[in-house]
Number of protein chains: 2
Amino acid sequence: MIDQAHIAALTGILGDKGVVTEPRDMAAYQTGARYDEGRAALVLRPETTEEVSAAVGYCVTHGIPLIPQSGNTGLVSGSTPDASGTQAVLSLDRMTQRFDLDLDNRSLRVGAGFRLSDVNQKLERHGLFFPIDLGADPRLGGMLATNTGGSRFLKYGDVRRNTLGIKVVLADGEGTILDHTSELRKNNTGIDWKQLFIGTVGSFGIITECVLNLEPLPKQMATAYLVPASGAHVMPLLRAMEDRLGAYLSAFEGMSKNAVAAALDHVPSLKNPFQGGNVPDYVILAELSRTWDPRAGEQPLDAVLETVLADIWESEDPPLADAFVGPAHEMWALRHALSEGVKHAGKLIAFDLSFRRGDIMAFCDRMKDEMPQTFAEVTICDFGHIGDGGVHFNLVVPRDSAAASDKDFERRLRDWVFAIAVQDFNGSFSAEHAIGRKNQAYYDLYTHQKIKDMAHGLKVITSPGDLGTVSFG
Amino acid sequence: MIDQAHIAALTGILGDKGVVTEPRDMAAYQTGARYDEGRAALVLRPETTEEVSAAVGYCVTHGIPLIPQSGNTGLVSGSTPDASGTQAVLSLDRMTQRFDLDLDNRSLRVGAGFRLSDVNQKLERHGLFFPIDLGADPRLGGMLATNTGGSRFLKYGDVRRNTLGIKVVLADGEGTILDHTSELRKNNTGIDWKQLFIGTVGSFGIITECVLNLEPLPKQMATAYLVPASGAHVMPLLRAMEDRLGAYLSAFEGMSKNAVAAALDHVPSLKNPFQGGNVPDYVILAELSRTWDPRAGEQPLDAVLETVLADIWESEDPPLADAFVGPAHEMWALRHALSEGVKHAGKLIAFDLSFRRGDIMAFCDRMKDEMPQTFAEVTICDFGHIGDGGVHFNLVVPRDSAAASDKDFERRLRDWVFAIAVQDFNGSFSAEHAIGRKNQAYYDLYTHQKIKDMAHGLKVITSPGDLGTVSFG
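Predicted model, so just to flag it, every value in this text is computed and none were measured.

Peer 1: Please explain the overall build of chain A as it appears in this structure.
Peer 2: Looking only at helices and strands, chain A has 16 helices and 19 strands in total. For chain A, whose C-alpha radius of gyration is 23 Å, the value lies close to the compact-globule estimate of 23 Å for 473 residues. Taking the principal axes of the C-alpha coordinates as reference, chain A spans close to 75 × 60 × 45 Å. Within chain A, the fraction of its 473 residues that count as buried is 62%. Relative to all contacts within chain A whose residues are 6 or more apart in sequence, the contacts with residues 24 or more apart total 73%. Only carbon and sulfur atoms are counted for the fraction: they give 48% of the accessible area of chain A, which is about 17200 Å². Once the 45 positive and 61 negative side-chain charges of chain A are each reduced to a mean point, those two points are 2 Å apart.

In structure tokens, the structure reads:
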């Protein structure tokens, strides 16, 4: 338990602003973005890596469990304390001291407490951005700790690909600082230790600073809704677009009829873009982008997209049933409203799956076949990042159904869906949300014992202290 | 020592073709591509992961040191046995059983023994390639183990970025097989263990199979030689190209006058492309590429390049002194001949450095300033991948000089260059060649003790056996 002596000592390290103990002030740090609510013993808000180091060293030495927390926008209970009231939340929200832009290197050395939107706003006037496109607005530390992907993975990759270096505090008695804040793109002089801390949700150390790769900001975009001729035509359509557009293609997002309908029903600002208001069974949002305005003699990008679509129409067994180019803002508005829409459609049970791209539609078909007999109350409202294999497989049950009030229903549903996704399709049970208390049981279930043993050994080597919500070993 | 009983046991595991003991047949496995020559006790040539596992388990149990070897094209003595005659080389050259192409997923599951050129030849008819562009023709296992980068890193990244999964055999008594051959692009369900084996030269395990990301093959290229207005204009030139071309820009290579002159002197097939034969102090080879042929209403790529160069000419303080677009084949022929050229110019002492991009020219300037006083015999013949910060910093001394025959000269020169590159410029002493016996001493010198301790712990957890040429801990 945390007594007054500990609070005094930590206040000595972090100052008055750095230690929060008032329940009212702790509330935001105890509640997650969707599912969870816990109770913290106190909240630590260091401002520098050295303060993190001193606080962590103190807590490890005195057996105080630490929960690192960044933007707290995650969906798997990876950044909030449990109900015990014994854990200290260590928030990164004051770690915004550093913002060193290197234009020649196209890189940014930055404190882990910055929000993604703040970073990109500061970069805009330089024509650069950190190319991870998300619905939420997390802080950088959490983005690294969960290795977020998002809607433009197809072109830019995930956070791992765009991280050049990190600074980490280990949960040992010294609060050891590992400085791997290299600005180098090519550097093969040993183990690439930063990889251990990316995607492991703070269990092996707390990321306090990072060096990010930046990309030139797109100046032109063109978007289209594509209606595939059938589910089996989705992959031929994607391949036709990739062949003809290469690195122009920056998004290829899939939206099921149920997900679109839920958004149109529950988000009043949306217009129904489909002819006669008839939502197709499945729609692709394709986006092209390039980093320059049209030059003399060059077609604007929507004309390029029209040409490519016409070319695909004329191919043998055309994968398209319908297609129309439209304004990017409106087309993305519908895509971004899907998440909000399904939340209002009933009780939401959300899955963040991924597959080999060619397996996505087969998985969805199997679910559509088997769900009615297995979990009759469930409506499937899937959408996802077809271009990179990610599927936000959202399931909705009526709020007034027996299933909605049955405490065990969700667990049975999850067990069944994951078994098919992971065992039958070699898919992932957490594509881009990483691990937290919410899905720890599936890590335990689907991870080979040898891997768990190795992870345990690694934990002992790096951060033996009680750190994070997840146990990997 | 390896006696007849061991040879008989290993032959039992691998068959007659799998065990080589004749000195004549072992020769190619004992000699490196540039520097080294050792002596092997025997050479093991397994054909499957299961054979690797059984052979490794046997060798670890019986204390036989193992040197994994792939294409043996490396330049840091990372894949050949030492002079002791006690080590067994484990070659991947027969690991070519598997070649499973997944067109929908744009990925390839493949045995680690394939050569890069063979892979790309088989992929060509599908319009795909593995986008790592190298002078040498290594096998895949070694490319992963050294995390090669090459000339088109700027657009496609390194091997790490393009590896989706691996299968690894650990050097423990069981020859444990870790199967991480996922085809998934988004998967955040624990530690990304493959990262440990990429770039660590086989010391933590032997990669036997991998899943690679493939990219659409470029159909159009355009290249130009750009002469920067001065060394200080190289970065503004790169930024101007990146701003205007985004993902079109696939290479931005720098060539010093001395390197170009050495190639023109020693490679007779080359034509001197410069006006009046006057080689500029520094030349950039810029390449644009895209994955489609020009469509109706679309400029061919060399016209795009001309337009962009004209636009850069017209900017304030134009970073260009001269520029001309020319045939890609000829322009690359000179670039690819640099390595051969400098080898013939005298005794070559090669460095594979990297820097923040903005530091490259400053480092080269400092070397040009200080080299004459410090090592007067040395001619600097640098070239490199300016777009990603890599510099092949090649130094040449006359073959008949005292320096060429002074055994300690090379060490003193390396100590001095590395000290400036690593300590003063925060650069890397091995950008893309990784570590081997040749540069182990600099790993030892420049790596923090805490990192070495962690690496040692990791070695014990994964592959406690005697494996590889490098000690990381």
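The rest of the description comes next.
Peer 1: Just to check I follow, could you spell out the relation of the copies chain B and chain A for this structure?
Peer 2: To go from the first copy of the chain to the second, apply a rotation about an axis and then a shift along the same axis. Superposition record for chain B on chain A: RMSD 0.0 Å, screw rotation 180 degrees, translation along axis 0.0 Å. The transformation relating the two chain copies, once decomposed into turn and shift, fits a two-fold axis. Residue by residue, 99% of the interface of chain B is reproduced at the interface of chain A, so both copies engage with the same surface.

Peer 1: Is there a simple way to think about the UniProt feature "domain: FAD-binding PCMH-type" (unreviewed entry) in chain A in this case?
Peer 2: Under the UniProt annotation, the feature "domain: FAD-binding PCMH-type" (unreviewed entry) is placed at residues 35–217 of chain A. Span residues 35–217 of chain A is 20% helix and 25% strand, its end C-alpha atoms 35 Å apart.

Peer 1: Could you clarify how one ought to interpret the domain arrangement of chain A in this entry?
Peer 2: How large an interface is tends to be reported as the accessible area lost when its parts come together. Residues and elements named next belong to chain A. By domain assignment, chain A separates into domain 1 (4–91), domain 2 (99–216), domain 3 (220–334) and domain 4 (346–424). A C-alpha centroid distance of 25 Å is found between domain 3 and domain 4. Counting from both sides, the interface comprises 14 residues of domain 3 and, opposite them, twelve residues of domain 4. For the pair domain 3 and domain 4, the summed buried surface comes to about 1100 Å²; carbon and sulfur atoms form 59% of the total. On the domain 3 side of the interface with domain 4, the three residues burying the most area are Met235, Asn258 and Tyr282, jointly 36% of the side's total. Across the contact surface, domain 3 and domain 4 share one salt bridge. The partner of Arg357 in a salt bridge is Glu242, with the nearest N and O atoms 2.9 Å apart.

Peer 1: Would you explain the interface of chain B and chain A in this entry?
Peer 2: Taken residue by residue, the interface counts 80 residues in chain B and 79 residues in chain A. A buried area of about 6700 Å², summed over both sides, lies between chain B and chain A, and 57% of it is on carbon and sulfur atoms. Its largest share of buried area at the contact with chain A, chain B owes to Asp104, Lys186 and Asn188 of chain B, together 13% of the area lost on that side. Where Asp172 of chain B meets Lys450 of chain A, a salt bridge forms, and the shortest distance between an N and an O atom there is 3.8 Å. Seen at the junction of chain B and chain A, the total is 35 residue pairs in polar contact (both at pLDDT 80 or more). For the side of chain B that touches chain A, the secondary structure elements donating two or more residues are helix H6 (153–156), strand S9 (177–180), helix H7 (194–197), helix H8 (234–245), helix H10 (301–313) and helix H16 (449–462) of chain B. The element that contributes the greatest number of residues to the side of chain B that touches chain A is H16 of chain B, accounting for eight residues.

Peer 1: How should unusual backbone geometry be read in this particular structure?
Peer 2: For residues besides glycine, phi is generally negative; the peptide bonds are generally trans as well. Residue and element names in this part refer to chain B. Positive phi values are uncommon outside glycine, yet Asn147 reaches one of about 50 degrees. Within the secondary structure layout, Asn147 lies in the loop between helix H5 (140–146) and H6. The phi torsion at Ala434 lies on the positive side, around 65 degrees, for a residue other than glycine. You can see Ala434 is positioned in the loop between helix H14 (409–424) and helix H15 (440–446).

Peer 1: Explain helix H4 (residues 116–124) of chain B to me, please; I cannot follow it from the model alone.
Peer 2: Think of an α-helix as turning once every 3.6 residues; residues three or four places apart then point the same way. Residues and elements named next belong to chain B. Leu116, Val119 and Leu123 are the residues of H4 that are buried. Relative to the axis of H4, the buried residues are bounded by an arc of 65 degrees and lie together on one face. Among the exposed residues of H4, those pointing more than 90 degrees away from its buried face are Gln121 and Glu124. In this fold, the buried residues of H4 make contact with strand S5 (99–102), strand S6 (107–111), strand S7 (128–129) and H5.

Peer 1: It is not clear to me how the sheet that holds S9 of chain B should be interpreted in this structure. Could you clarify?
Peer 2: The strands making up a sheet are joined through hydrogen bonds of the backbone, oriented either antiparallel or parallel. Residue and element names in this part refer to chain B. Taken in spatial order, the five strands make up an open sheet running S5-S6-S10-S8-S9, and their pairing is antiparallel. Where the open sheet ends on each side, the last strands, each with one partner, are S5 and S9. Across the sheet, the axes of successive neighbouring strands diverge by a mean angle of 10 degrees, strand direction being ignored. By the bridge criterion, four bridges tie S5 to S6 in an arrangement that is antiparallel.

Peer 1: Please explain the environment of Gly38 of chain B as it appears in this structure.
Peer 2: Residues and elements named next belong to chain B. Summarising the element assignment, Gly38 is placed in the loop between helix H2 (23–30) and strand S2 (40–44). Each C-alpha atom of the pair Gly38 and Ala263 lies 31 Å from the other, and the pair is 225 residues apart in sequence. Sequence-distant contacts of Gly38, defined by excluding residues within four places in its chain, comprise Gln30, Pro81, Asp82 and Ala83.

Peer 1: Is there a simple way to think about the packing of aromatic side chains in this case?
Peer 2: Aromatic ring pairs are defined here through the distance separating the ring centres and the angle between the ring planes. Residue and element names in this part refer to chain A. Using the criterion set out here, one finds 43 aromatic pairs over all chains in the structure. On the numbers, 5.2 Å between centres and 65 degrees between planes, the contact of Phe363 with Phe393 is edge-to-face. Placement of Phe363 in helix H12 (residues 360–374) and of Phe393 in strand S19 (residues 390–397) is noted, with a sequence separation of 30 residues between them. Note on accessibility: Phe363 and Phe393 belong to one class, buried. An aromatic cluster of at least three residues, connected via ring pairs, comprises Phe351, Phe355, Phe363, Phe393, Phe418, Phe425, Phe429, Tyr442 and Tyr446. A cation sits over an aromatic face here: Arg152 above Trp332, 4.8 Å from the ring centre.

Peer 1: Would you explain the pairing of strand S12 (residues 220–228) of chain A in this entry?
Peer 2: Regular strands show a simple pattern: their side chains alternate between the two faces of the sheet. Residue and element names in this part refer to chain A. Counting buried residues in S12 gives eight out of nine residues, a clear majority hidden from the surface. Inspection of the sheet shows S12 paired to strand S14 (residues 282–290) by seven bridges, in the antiparallel sense. Across the sheet, Gln220 pairs through a bridge with Arg290, a residue of S14. Pairing between S12 and strand S15 (residues 320–326): six bridges, direction antiparallel. If you follow Leu226 over to S15, its bridge partner there is Ala323.

Peer 1: Which parts of the structure should I look at to understand the side chain of Gln195 of chain A?
Peer 2: Mapped onto the elements of the fold, Gln195 of chain A is located in helix H7 (residues 194–197). A distance of 2.9 Å separates the side chain of Gln195 of chain A from the side chain of Arg160 of chain A, its partner in a polar contact.

Peer 1: Just checking my understanding: could you explain the packing of helix H9 (residues 257–266) of chain B against helix H11 (residues 328–344) of chain B for this structure?
Peer 2: Two quantities define a packed helix pair, namely the angle between the axes and the distance from one axis to the other. All names here are of chain B. Relative orientation of the contacting elements H9 and H11 amounts to 80 degrees, with a least axis distance of 7 Å. One finds that H9 runs roughly perpendicular with respect to H11. For the pair H9 and H11, the contacting residues are Ala259, Val260, Ala262, Ala263, Leu264 and His266 in the first and Leu334, Ala337, Leu338, Gly341, Val342 and His344 in the second. Its residues assigned to classes, the contact of H9 with H11 shows nine nonpolar, three polar and no charged.

Reading guide: rules and limits
Residues numbered from 1 in each chain as written. Chains lettered and ligands numbered in written order. Predicted model: local features only at pLDDT ≥ 70, side-chain atom pairs only at ≥ 80, totals over all residues. Heavy atoms only, no water. Helix = DSSP H or I, 4+ residues; strand = E, 2+ residues; numbered from the N terminus. Rg over C-alpha atoms; globule rule 2.2 N^0.38 Å. Buried < 20%, exposed > 50% of the residue type's maximum accessible area, 1.4 Å probe, protein only. Contact = heavy atoms within 4.5 Å. Areas by Shrake-Rupley, 256 points an atom, 1.4 Å probe, with all protein chains shown as cover. Lys, Arg positive; Asp, Glu negative; His and termini not counted. Charge placed at Lys NZ, Arg CZ, Asp CG, Glu CD. Least-squares fit on C-alpha atoms with pLDDT ≥ 70 in both. UniProt positions renumbered as here; feature names shortened; annotations may be inferred. Domains from an automatic or database assignment. Buried area = accessible area lost by both parts, 1.4 Å probe. Salt bridge = Lys/Arg side-chain N within 4 Å of Asp/Glu carboxyl O. Polar contact = N/O pair within 3.5 Å; in protein donor to acceptor, adjacent residues only side chain to side chain. Arc of directions from axis to C-beta. Pairing = 2+ DSSP bridges. Axes fitted to C-alpha atoms, helices over the stretch in contact; angles between N-to-C directions. Phe/Tyr/Trp six-rings, centres within 6.5 Å; stacked < 30°, edge-to-face > 60°. Lys NZ or Arg CZ within 6 Å of the ring centre and 35° of its normal. Parallel < 35°, antiparallel > 145°, perpendicular 65-115°, else oblique. Nonpolar A, V, L, I, M, F, W, Y, C, P; charged D, E, K, R; others polar.

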